[in-house]
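Notes for the structure review
For reference, the chains in residue letters:
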Amino acid sequence: MSTRALSSLPLPPSTLAVLKESGYETLGDLKCYQSPDQLTDGKPLAPILLSLDDDKGYTKALKIPLSASQSLFSATQDPSRTGASSSASPLTQSLASIVSSRKRSLDVIATQCSPVDSLLNGGLRRGHILEISGPPGSPKELIAKGIMNSFIMAGEEVLFVDCQNATNPASLDELLKNPRHRRLVSYVEMHTLPELMIFFNNTTNYLASRPNIALIVLNSISFPFLNAFTLKKSAKSVLLEQIKQKLLKLCTNRNMTIVSTTQLSTKLIKPDGSSGSFDTEGARGMMMAPFGAAYLPPGRSYRLQVTLDMGRSGTLRLLSSPNTRTKPSGDGNRKDQPRQMVNQNVIIKQRFLLGNGNLISLNEVA
Amino acid sequence: MLDPSPVLATHPAFTYAQKALLRKGRILTVSDLVLTPAEEIARRCRVALSEIQPLVELACRGQPIQARTLEDIFGPSDDEDDQITRQLRLTGEKFTTGDEILDAALGGGLQTGMVWEIVGESSAGKTQLALQLSLAVQLPRSQGGLEGSTCYLTTSRQLETQRLKEIATAHPIFSELSSGQLFDNVHTLRVPAISSLENILSTILPNFVETRLKDGKGEPVRLLIIDALGELFHLTNQTTTNTLVERSHNITTISTLLHELASRYGLAIVVLNEVVDAFHTDIYETEEDDHFEGLLYASHSRWFNRAHSLPGEDRKEASLGLVWANQVNTRIMLSRTGRRRYLDSLPAPGDKRQRINSASGSLSSSSNTTSQGERGDENDNSTLIRRLTVIFSSVAPPTSVDYIVTTGGISVLPDSEPSISSTLIPAYSTPAPAPAASSISNQLPSASSHAAHAQTTPPPPSTQLAPLDIGFVEDNESPFNSSGSKGFDSDPTTLYEDEWEKYWEMDEITEEMYLSVAATDSSDGVSVGVDGDPRSEAGRVGIGIEGRSADEGTDHHSQL
């Protein structure tokens, strides 16, 4: 493979030391491993025995944290280095992970938040995407954390991606009732748009090594976009489209469930519904999710909007769901077919009260 | 220096040929490479798309996903914990504000790794609270502190060291802190303008924090206070739309820097902000439009801009609009409220001299806080009861408490008046406009004052939205649609492509030049693109690290 020195990779110094001691100096030395699992799992072709310590994800002999193994693995899969001895493509999933992901059939996961469950007709469907938008102060993360809890209780792993320091690891830790669940929750943070796009680019490789991750939470995904004001709108659209493709692949190939939260931004909307500007007569200032549904694959996504008033009560609105089609309207039999026409899409509402760390349904408004 | 996007010129994974290829299309940083559409890169570099995609992959491989499990972070720690794990552990640490009840209202104290905003009128007590926090963070862990130091940035006044000393002396929890220590651990700097703030947050402050960590001398910085952000964003009647657009960019730049600092160094960041008069419109939606996902700004913004726990509390609202409100994790509003009470034994922190006779000024030596409010009519011995409302917070439910300002700082009353919003009410109040004292339209260039009469047409956008949100809308909706409002063409591709081509062709950049650039890059930690050296930058904004004499100012608090 390559003679690239391991010391040039972004690895913790302790890992480098261990690798060096064990006689691994270059990427080529690690060429026998086909996946990070092997690095830590131990079906090696090298003489050193590696085994996975279940609780910690460490390799007993090499003592490399799993995260560093992933970095190593990503580096070894560098496609620009020709002559790679490994013939396995980096996208190969181990058979085990494919089987396990198909086993998770079309489940419906309770969100632990009854007004949301009722709007979603029971809960969030596995392999689908839920976007939660709302103004500052609305309980977006609360709902996301409830969904996380459902997965954790079922023993499944979660990746929490925080784009705005909205939720730090300590507050996630407070959610857990059992400290043994700590290994089920992974946390990564970023703030800028390049970091976000690099993240999406790397997800396939990363998830190949973490097959048990069943839920990804993208917290404040609007933040990096809204703060990248020097980027042209056309470039942003391309990026949003890339994200949409990526999310779709995650849902279909890995049956991944995804929850994203997004903030709102200001637009001026003319009476006919199109956007206006400062000088437009009759334009009303509105707050809306900044990219609409541009980054969401339509067949897989639910969009929820949550607002709070007077600090304790609020409204949930289901803006769209996968059943929505773009058929032109007939005569608007709203009550009978509430979700069929996107142009005449009726938004379904639910009032709630903010209880102790959760949302409680109030009278339903349909 | 917070990392700018890695420069391709010094990136280890790319070959010289690849760098040259990308340079031709003016792709100079990793950011350029991942944010510019691949087709456009291919066009600019005059190569096939299939040649570009592997390069993008290459760049992404160099920044693999660095997630950590909660077990890594909170489980038994090893020597092997890498930098990222350590950084993550530093966020979410709580420290006391010096008042137990306030701590509870905030969710256990002030937390690091977050941006907290304190808004209020000029004499509501924002600075009091900020000064108190500057001390509280220094407390030993056994007393609820973080054994840290504070960086206190001021925009219009000097740090009130007298008041700081007074609080430290009067409040019993601080009695262990010696005053020498105290001042050593509060570092202050004047920030006269937005550009200086951006410079400080991106360069000077990170260098300062890291130097202290590296040298191990003095307590690590754990708290950053900006007093007060709103003052940098004052507008006049001459403010143009272009300026508003630029200001909305400034807010997002500053906030990105704040969040990066918060997570990189585990800082609690407290930003003080001003209030403006709230403009109560007649038109509140009584029901959401069932076919449209937008929320009416004028109707909904009051739930995150204003507090509603007492009558009259919503006469003021936080300034800087949605564009700033989106950036903070917690918003706390302080109001004077005009209520007075006779308090026999004030539950103040150990200050027995609480017979408030404002004439003798024993409440506080700071004239700002006590001048008008405390002086009741004729020898009134009542105390002004102020209100603190947590309007929203990512770590605690919304809540309100009453407090007073004493010589020992902020003291929360245990029997606070309950919030009127704690009773269940329907979603939207009937449109009963409170007569606004003055309209915010005074601040805007093209507004006319608005009579409070029922209307069928919406008022002009200028009165519906906060000025910075107008800037945001203009930036996004204008037909030229780039950040071109800055006056220069931000899209050189179409106009200057040929000129760029010519420039690059004639300029031979050799490998040696790349290597020497790399040397500079790593030694200064300054982005190669910046011209001039860091000292001249600092000089330009009037900070001059070496320039300021040590005996400036009467107290020996240390300066950045």
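Coordinates for the structure precede this section.
Please read these numbers as outputs of a predicted model, since none were measured by experiment. Here the residue index of a chain counts from 1 through its sequence in written order. In the order they appear in the text, chains get letters beginning with A and ligands get numbers beginning with 1. For a predicted model such as this one, the threshold for reporting local features is a pLDDT of at least 70, and the threshold for listing and counting side-chain atom pairs is 80 or more; totals across whole chains, interfaces and linings nevertheless cover every residue. Excluded from the side-chain calculations are hydrogens and water; all other atoms, namely the structure's heavy atoms, are used.

Read across the sheet, four strands follow the order E11(A)-E10(A)-E12(A)-E10(B) without closing on themselves; strand pairing throughout is antiparallel. Looking at which strands have only one partner, the edges of the open sheet turn out to be strand E11 (275–276) of chain A together with strand E10 (295–296) of chain B. Two strands pair under a simple rule: DSSP has to find at least two bridges between them. Helix numbering and strand numbering both begin at the N terminus, where a helix is a DSSP run of H or I of at least 4 residues and a strand a DSSP run of E of at least 2. In terms of strand pairing, strand E10 (residues 265–269) of chain A meets E11(A) through two bridges, oriented antiparallel. From the neighbouring strand, A:Ile269 faces E11(A), where its bridge partner is A:Ser275.

All names here are of chain B. Pairing in this open sheet of nine strands is mixed, and the strands run E6-E5-E7-E8-E4-E12-E13-E14-E15 from one edge to the other. Here the strands that pair on one side only, and so sit at the sheet edges, are strand E6 (186–190) and strand E15 (409–412). Between one strand axis and the next, the sheet turns through 25° on average, direction left out of account. Two strands pair when backbone bridges link them, and strand E4 (residues 114–120) and strand E12 (residues 330–341) are joined in this way by five bridges, in the parallel orientation. Note that in E12 the partner of Val119 across the bridge is Met333. Under this scheme, a helix contributes an axis fitted over its contacting stretch, all axes are lines through C-alpha atoms, and angles between N-to-C directions fall in the 0 to 180 degree range.

For this analysis, a ring pair means two rings from Phe, Tyr or Trp (six-membered ring only for Trp) whose centres lie within 6.5 Å, classed as stacked if their planes differ by under 30 degrees, edge-to-face if by over 60, and tilted for the remaining angles. Within the structure shown, the criterion is met by four aromatic pairs over all chains. Judged by centre distance (5.4 Å) and plane angle (70°), the ring pair of A:Phe199 and A:Phe200 falls under edge-to-face. In this structure A:Phe199 comes out as buried when scored by relative accessible area, which is 3%. Among the aromatic residues, ring-to-ring pairing joins A:Phe225, A:Phe291 and A:Tyr295 into one connected group. Two thresholds decide whether a charge sits over a ring: the Lys NZ or Arg CZ must be within 6 Å of the ring centre and within 35 degrees of the ring normal. The ring of B:Tyr265 has B:Arg264 lying over it, and the distance from NZ or CZ to the ring centre is 5.9 Å. Throughout, exposure labels follow a simple rule: accessible area from a 1.4 Å probe, protein chains only, divided by the maximum for the residue type, with under 20% read as buried, over 50% as exposed, and the rest as partly exposed.

We now examine the packing of helix H11 (residues 194–215) of chain B against helix H13 (residues 241–265) of chain B. Residue and element names in this part refer to chain B. Running from amino to carboxyl end, H11 crosses H13 at an angle of 10°, the nearest separation of the two axes being 10 Å. Here H11 is positioned roughly parallel relative to H13, judged by the angle of their axes. Where H11 abuts H13, its residues Ile194, Leu197, Glu198, Leu201, Ser202, Leu205, Pro206, Val209 and Glu210 lie against Arg247, Asn250, Thr253, Ile254, Leu257, Leu258, Leu261, Arg264 and Tyr265. Asp, Glu, Lys and Arg are counted as charged, while Ala, Val, Leu, Ile, Met, Phe, Trp, Tyr, Cys and Pro are counted as nonpolar; the rest, among them Gly, fall into the polar class. When the residues that make up the contact of H11 with H13 are grouped by side-chain class, the tally is eleven nonpolar, three polar and four charged. Any angle that falls under 35 degrees is termed roughly parallel, while one over 145 is termed roughly antiparallel, one within 65 to 115 roughly perpendicular, and all others oblique. When checking whether two residues touch, look at their non-hydrogen atoms; a contact exists if any pair is within 4.5 Å.

Quick look at the side chain of B:Thr188 now. All names here are of chain B. Mapped onto the secondary structure, Thr188 falls in strand E6. The buried category is assigned to Thr188, whose relative accessible area is 6%. Under this definition, polar contacts are N or O atom pairs within 3.5 Å; protein pairs additionally need one hydrogen-donor-capable and one acceptor-capable atom, and for neighbouring residues in sequence, both atoms have to be side-chain atoms. There is a polar contact of 3.0 Å between the side chain of Thr188 and the backbone oxygen of Tyr152.

What follows concerns the environment of A:Leu308. With respect to the secondary-structure elements, A:Leu308 resides in strand E13 (residues 301–309). With 170 residues separating them in the primary sequence, A:Leu308 and A:Ser138 have C-alpha atoms 5.4 Å apart. With residues up to four places along the chain from it excluded, the contact list for A:Leu308 reads A:Gly137, A:Ser138, A:Pro139, A:Ser313, A:Gly314, A:Phe352, A:Leu354 and B:Trp303.

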